[in-house]
Amino acid sequence: MDFRECKARTARQNLEAAFSVAEKDLGITRLLDPEDVDTKHVDEKSMITYISSLYELWPEPAERKPRSKAMTEEELIKINTDFQFLQQCIEWVQNRIEKLNSKDWGTDLQTVQFLLEEQKQDHLAINEFQSNVDKCSNRKNAYQGQELEIYKKMLNKLTENYFELMVMSNRRVSDLETLLDFLQVATNEMKWLSEKEEIEVSRDWSAKNLNFQQLNHQHQVLISEMERREVQFHSIIEKGENYIRQKHPASECIESFISLMQHHWSWLTQLANVFDVHLKNATEYNEFFEEVTEAEHWMSKVENSLKTSYSKQNFSIEEGEKLLREMQQHKEDISNYFSVINKIISKSSSVVPLKQRKSALPSPIQAQSACMIKQKTATVVKDEVVTLYDNSRKSKWHVRTSSGVDVYAPGVAFIIPSPDQEAITTAENLKHRYENLIALWTDKQHKLRQNMILATLKIVKDWDFDTYSTMDPYARDSIIKALEDDIDKLTREGAPNDAGSRRLQEEMKALKEKFAEFDRRLREMANQEELKSLNRKFTEACSTLLQLLLEKEQILQQRLNSSIPRDRDSLQQAIIEHRQFDVSMRAIEPQVEEF
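Rules behind the numbers
- Numbering of residues begins from 1 in every chain and follows the order in which that chain's sequence is written.
- Predicted model: local features are reported for residues with pLDDT of at least 70 only, side-chain atom pairs are reported and counted for 80 or more only, and whole-chain, interface and lining totals are derived from all residues.
- Working from all heavy atoms in the structure, the side-chain values ignore hydrogens and water.
- Residues forming no salt bridge and having over 30% relative accessible area are the ones grouped into patches, like charges within 9 Å of each other and nonpolar side chains (Val, Leu, Ile, Met, Phe, Trp, Tyr) within 5 Å.
- For the accessible areas, the method is Shrake-Rupley and the probe is 1.4 Å, while residue cover comes only from the protein chains on display.
- The term salt bridge refers to a side-chain nitrogen of Lys or Arg lying within 4 Å of a carboxyl oxygen of Asp or Glu.
- Strands are runs of DSSP state E lasting at least 2 residues, helices are runs of H or I lasting at least 4, and numbering of each runs from the N terminus.
- The cut-offs for exposure are 20% and 50% of the maximum accessible area for each residue type, with area from a 1.4 Å probe on protein chains only; residues under the lower value are buried, those over the upper are exposed, and the others partly exposed.
- What a helix should span is 1.5 Å times the count of its residues minus one.
- Here the arc refers to the directions that run from the helix axis out to each C-beta atom.
- Ring pairs are drawn from Phe, Tyr and Trp, using the six-membered ring of Trp, whenever the two centres fall within 6.5 Å, and their geometry is named by plane angle: stacked under 30 degrees, edge-to-face over 60, tilted for the rest.
- Lysine NZ or arginine CZ positioned within 6 Å of the ring centre and within 35 degrees of the ring normal marks a charge as sitting over the ring.
- Residues belong to a common nonpolar core when they are buried Ala, Val, Leu, Ile, Met, Phe, Trp, Tyr or Cys residues joined through side-chain atoms within 4.5 Å.
- In this analysis, two residues are considered to be in contact whenever any of their non-hydrogen atoms come within 4.5 Å of each other.
- Pairing between two strands requires that DSSP report at least two bridges joining them.
- Contacts described as polar in this section are N or O atom pairs within 3.5 Å, which, within protein, must combine one atom able to donate a hydrogen with one able to accept it, while residues neighboring in sequence count only if both atoms come from side chains.
- The predictor attaches a confidence to each residue, and that confidence, scored 0 to 100, is pLDDT.
- For helices, the fitted line uses only the C-alpha atoms of the stretch in contact; every axis is such a line through C-alpha atoms, and the angle between N-to-C directions lies from 0 to 180 degrees.
- Orientation labels follow simple angle bins: below 35 degrees gives roughly parallel, above 145 gives roughly antiparallel, 65 to 115 gives roughly perpendicular, and whatever is left gives oblique.
- Should the near helix be turned counterclockwise from the far one by less than a right angle, the crossing is left-handed, whereas a clockwise turn marks it as right-handed.
- Think of it as three bins: nonpolar holds Ala, Val, Leu, Ile, Met, Phe, Trp, Tyr, Cys and Pro, charged holds Asp, Glu, Lys and Arg, and polar takes everything else, Gly as well.
- Lining residues are those with an atom within 4 Å of a point, where the points come from a 1 Å grid over the protein atoms alone and group into cavities, where a 1.4 Å probe fits but cannot get out, or pockets, open sets with protein on both sides within 12 Å along at least five of seven lines.
- Grid points are joined across faces, edges and corners, and a volume is the space filled by probe spheres set on the points.

**Points about a nonpolar patch on the surface**
Right, on to step 1. On the surface, I564, L571 and I575 cluster together into a nonpolar patch covering about 260 Å² of accessible area.
Right, on to step 2. Residue position: L571 is located in helix α18 (residues 568-594).
Right, on to step 3. For L571, a relative accessible area of 35% puts it in the partly exposed group.

Right, dumping it as structure tokens:
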């Protein structure tokens, strides 16, 4: 070897070169690898065994002694106890090597723990067997010549096999410890994942009185824990993958655990995502029925008010007007509440049937996957429509995919889509109750108006003739006309044979007959007054005319008593005045004829 080149290489490269030269040029079996030597914890016995092989390559020259005919190895083993013991040691080591080669590595933590303890016990026995190897080595000095060569050959075989056994045992202990360390952290991780999965899988989303605040808190805690553990989880996966890359003898087991861990992590992630879907459905379900309960309570309150406060038959006009105003306010409240009822009816079609999740199925129904489900026999993709056959076990629903494959998976992975017949029926009943409430209000308001009219009729019926005759006819007729119009309107709005309407009509008929009598009396009184007025006017006209005629008679009497004028002018004047008197008398003649 070129030692100048050794200076330029690393320790492991030099070890690799040394082991290769020893094996190729000197025929020394390669019992060590560079990493077995270049470490802080070197197996001293393995090193001693290997160095012994180098030492024995140049043994001390033996003294030549005369001897008999050389014997074969088989013959020496038969007759020589040292050779027998050496052969037994070789066979013991070989058997141990065969057993080590045939041993498996376990598939779970408990088995690996058992195998490690078992191997540690075996390794202790192998270490203790070193004393037998040393005995065999010490006995070689008792031989020389051909026997020594045979003995050395068998001893070398024992030494090499024992060294190989030691290396194998050490490696198995180391590999089992490595495997156990990985499985412990992996198992702890899967235990945590399984515990969280169990919580999510066993949650009953159809339960009454779910504490959504607590559920949200638990979910946030889970998400936070997953975020914190994600780095740790991936570091465990990376550790396992490194062991696989290093060709760990239990790579298949490690790979299986990695796959199982990834499956559990993926499944818990999907369950965490499914939580939001179930929480949304449960929240909408509970909100719907809470709103229904609230609406029913509100309508019960209004119904009770209408039945108790607005059933009076006798009240004052002022009280009736107050009741009518309150009834109008109730009408506005009921009308405005229709938006609430309509909203509940609209929601009913999207409510999922949560109760169906734990109710026995009379027949198969459709369901929908809330997440991807991977199994050996089938894969169900997210949102795939499946047929649900059995939901009796919460952790194992029996569904059939669209391709006809039966799948058994936790119920939390599925949702039963809307509509919920109970929600639909509840909404319809709520609508009918709302309509009945409107009908109740209409009936109560109708009867209240009837009673209001009856109260008004009672007041109007108390009018006597003097009150009636002294009222302003327009105001009086307006009141009667309003009453008549209200009665006609109520009659049209009410049932054909409504007793209240019939009573109003009878009361109005009697009132009209009473007032017709009052009108007749008023007309008679008006006629008498008119006659008196005519008499008074006639008398006054007669008095005026009589006074005029008397005045004319006096003038005429004076002229008759006067002498006739003698002169022409006076006579002419007297003629003109008499003609004028005649004209005035003729003017009065029509009045006299009229009387």
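Alright, that's what it looks like, and here's the rest.
**As for helix α7 (residues 109-128)**
Right, on to step 1. For α7, which comprises 20 residues, the first-to-last C-alpha distance of 29 Å matches the rise-based estimate of 28 Å (1.5 Å per residue) to within 8%.
Right, on to step 2. Along α7, the residues classified as buried are L109, V112, L115, L116, Q119, D122, H123 and I126. Considered in projection along α7, the buried side chains sweep an arc of 140° and stay on one side of the axis. Of the exposed residues in α7, those oriented more than 90 degrees away from the buried face are Q110, F114, Q121 and E128.

**Re the packing of aromatic side chains**
Right, on to step 1. On inspection of all chains with the given rule, the structure shows 18 aromatic pairs.
Right, on to step 2. Here F465 and F518 contribute two aromatic rings whose centre-to-centre distance is 5.5 Å and whose plane-to-plane angle is 75°, an arrangement assigned as edge-to-face. On the criterion of sequence distance, the pair formed by F465 in helix α15 (residues 465-470) and F518 in helix α17 (residues 499-561) is long-range, its members being 53 residues apart.
Right, on to step 3. On the accessibility criterion, F465 (9% relative accessible area) is buried.
Right, on to step 4. Through pairs of rings, three or more aromatic residues link up here, namely W463, F465, Y468, F515 and F518.
Right, on to step 5. Positioned above the aromatic ring of Y468 is the side chain of R476, whose terminal nitrogen or guanidinium carbon lies 4.0 Å from the ring centre.

**Quick notes on the nonpolar core**
Right, on to step 1. W205, F288, L306, I341, L388 and F414 are the most contacted members of the largest nonpolar core, which totals 59 residues.
Right, on to step 2. When residues of this core are assigned to their parent elements, the largest contribution, 14 residues, is made by helix α11 (residues 251-309).
Right, on to step 3. Beyond its immediate stretch of four places on either side in the chain, F414 contacts H278, R357, Q368, S369, A370, I373, V386, W397, V399 and A409.
Right, on to step 4. In this structure, L176, W192, I237 and L268 belong to the second largest nonpolar core, which totals 29 residues.

**Thoughts on the sheet that holds strand β6 (residues 406-409)**
Right, on to step 1. With respect to topology, five strands assemble into an open sheet ordered β6-β5-β4-β1-β7, the strand pairing being antiparallel. Two strands bound the open sheet, and with one partner strand each, they are β6 and β7 (414-415).
Right, on to step 2. With four bridges joining them, strand β1 (residues 365-369) and strand β4 (residues 385-390) adopt antiparallel strand pairing. Residue pairing for β4: I365 is matched across the bridge by L388.

**Notes on the pattern of salt bridges**
Right, on to step 1. Counted by the stated rule, this structure contains 26 salt bridges.
Right, on to step 2. Between D204 and K358 there is a salt bridge whose closest N-O contact spans 3.7 Å. Of this pair, D204 sits in the loop between α9 (145-202) and α10 (212-245) while K358 sits in the loop between α13 (338-348) and β1, placing them 154 residues apart in sequence.
Right, on to step 3. For the salt bridge of E524 with R520, the shortest nitrogen-to-oxygen distance reads 2.3 Å. Taken together, the residues E524 and R520, both in helix α17 and four residues apart, mark about one turn of the helix.
Right, on to step 4. By relative accessible area, R520 is classed as partly exposed at 32%.
Right, on to step 5. Each of R96, K103, E118 and D122 takes part in a single network of salt bridges with overlapping partners.

**Side note on the side chain of N286**
Right, on to step 1. Residue placement: N286 occurs in helix α11.
Right, on to step 2. There is a polar contact of 2.7 Å between the side chain of N286 and the backbone oxygen of A282.

**So, the pairing of strand β5 (residues 397-400)**
Right, on to step 1. Inspection of the sheet shows β4 paired to β5 by three bridges, in the antiparallel sense. Directly across from D390, in β5, lies its bridge partner H398.
Right, on to step 2. In this antiparallel pair of consecutive strands, β4 and β5, the connection spans six residues.
Right, on to step 3. In textbook terms, the turn of a hairpin is the stretch between consecutive antiparallel strands, and for β5 and β6 this stretch comprises five residues, one of which, G404, has a positive phi near 90°.

**Quick word on the confidence of the model for the chain**
Right, on to step 1. Confidence in the prediction of the chain, expressed as mean pLDDT, is 87, and 94% of residues score 70 or more.
Right, on to step 2. Considering only residues more than four positions removed or in separate chains, one finds that residues 61-67, a stretch of pLDDT under 50, has eight contacts.

**Considering the packing of helix α14 (residues 421-461) against α17**
Right, on to step 1. Relative orientation of the contacting elements α14 and α17 amounts to 20°, with a least axis distance of 10 Å. Comparing the axis directions of α14 and α17 gives the class roughly parallel. In this structure, the crossing between α14 and α17 has a hand that is left-handed. Across the interface between the two elements, H446, Q450, I453, L454, L457, V460 and K461 from α14 touch G500, S501, R503, L504, E507, M508, L511, K514 and F515 from α17.
Right, on to step 2. Tallied by class, residues from the contact of α14 with α17 come to eight nonpolar, four polar and four charged.

**Some points on the packing of helix α6 (residues 81-102) against helix α8 (residues 130-139)**
Right, on to step 1. In the contact formed by α6 and α8, the axes pass within 10 Å of each other and the chain directions differ by 145°. In this structure, the crossing between α6 and α8 has a hand that is left-handed. Here α6 contributes D82, F85, L86 and C89 to the contact with α8, which in turn contributes N132, K135, C136 and R139.

**A few points about empty space enclosed by the protein**
Right, on to step 1. Evaluation of the coordinates by the stated rule reveals one cavity of 30 Å³ or more.
Right, on to step 2. Lining of the largest cavity is provided by H278, N281, V352, P353, L354, R357, I415 and I416.
Right, on to step 3. Among the residues making up the lining of the largest cavity, the classes are represented as five nonpolar, two polar and one charged.

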